[in-house]
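The lines below spell out each chain.
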Amino acid sequence: MNGLSTVLIVVGLFLLGGIISFFKQDMPKGLIVLLGIGAAMCLSAGVLRIEGLWS
C-alpha cells in the first residue's frame, strides 16, 4: 500500500461521509449523486492500486 492509494481511499471515505451528511440535511439529490460518483471512483481507484491492477 503506497501513499497515493491511501489518499484515494481517505478521500473516498470523506466523500462518503459527505453523502450521509447531505442526505440528512435534505440537500438536492443531484449533488448527492455527484458525491456518490466521486466517492465510488476514489474508492475503486484506491483499491485497484492496492491490488496492483492499475498503475
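Throughout what follows, the structure given in this document is the object of discussion. These numbers come from a predicted model, not from an experiment.

## Let's talk about the packing of helix H1 (residues 3-24) against helix H2 (residues 29-51)
Between H1 and H2, the least distance of the axes is 8 Å, while the angle of their chain directions is 155°. By the angle between their directions, the pair H1 and H2 is classed as roughly antiparallel. H1 and H2 meet at a crossing whose hand is left-handed. Here the contact of H1 with H2 is built from residues that sort into 19 nonpolar, six polar and two charged.

## Side note on unusual backbone geometry
Here the phi dihedral of Asp-26 falls at roughly 55°; this positive angle occurs in a residue that is not glycine. Within the element layout of this structure, Asp-26 appears in the loop between H1 and H2. Overall, the relative accessible area of 64% leaves Asp-26 in the exposed class.

What counts, and at which threshold
- Residues numbered from 1 in each chain as written.
- Predicted model: local features only at pLDDT ≥ 70, side-chain atom pairs only at ≥ 80, totals over all residues.
- Heavy atoms only, no water.
- Axes fitted to C-alpha atoms, helices over the stretch in contact; angles between N-to-C directions.
- Helix = DSSP H or I, 4+ residues; strand = E, 2+ residues; numbered from the N terminus.
- Parallel < 35°, antiparallel > 145°, perpendicular 65-115°, else oblique.
- Left-handed = near helix turned anticlockwise from the far one by under 90°.
- Nonpolar A, V, L, I, M, F, W, Y, C, P; charged D, E, K, R; others polar.
- Buried < 20%, exposed > 50% of the residue type's maximum accessible area, 1.4 Å probe, protein only.

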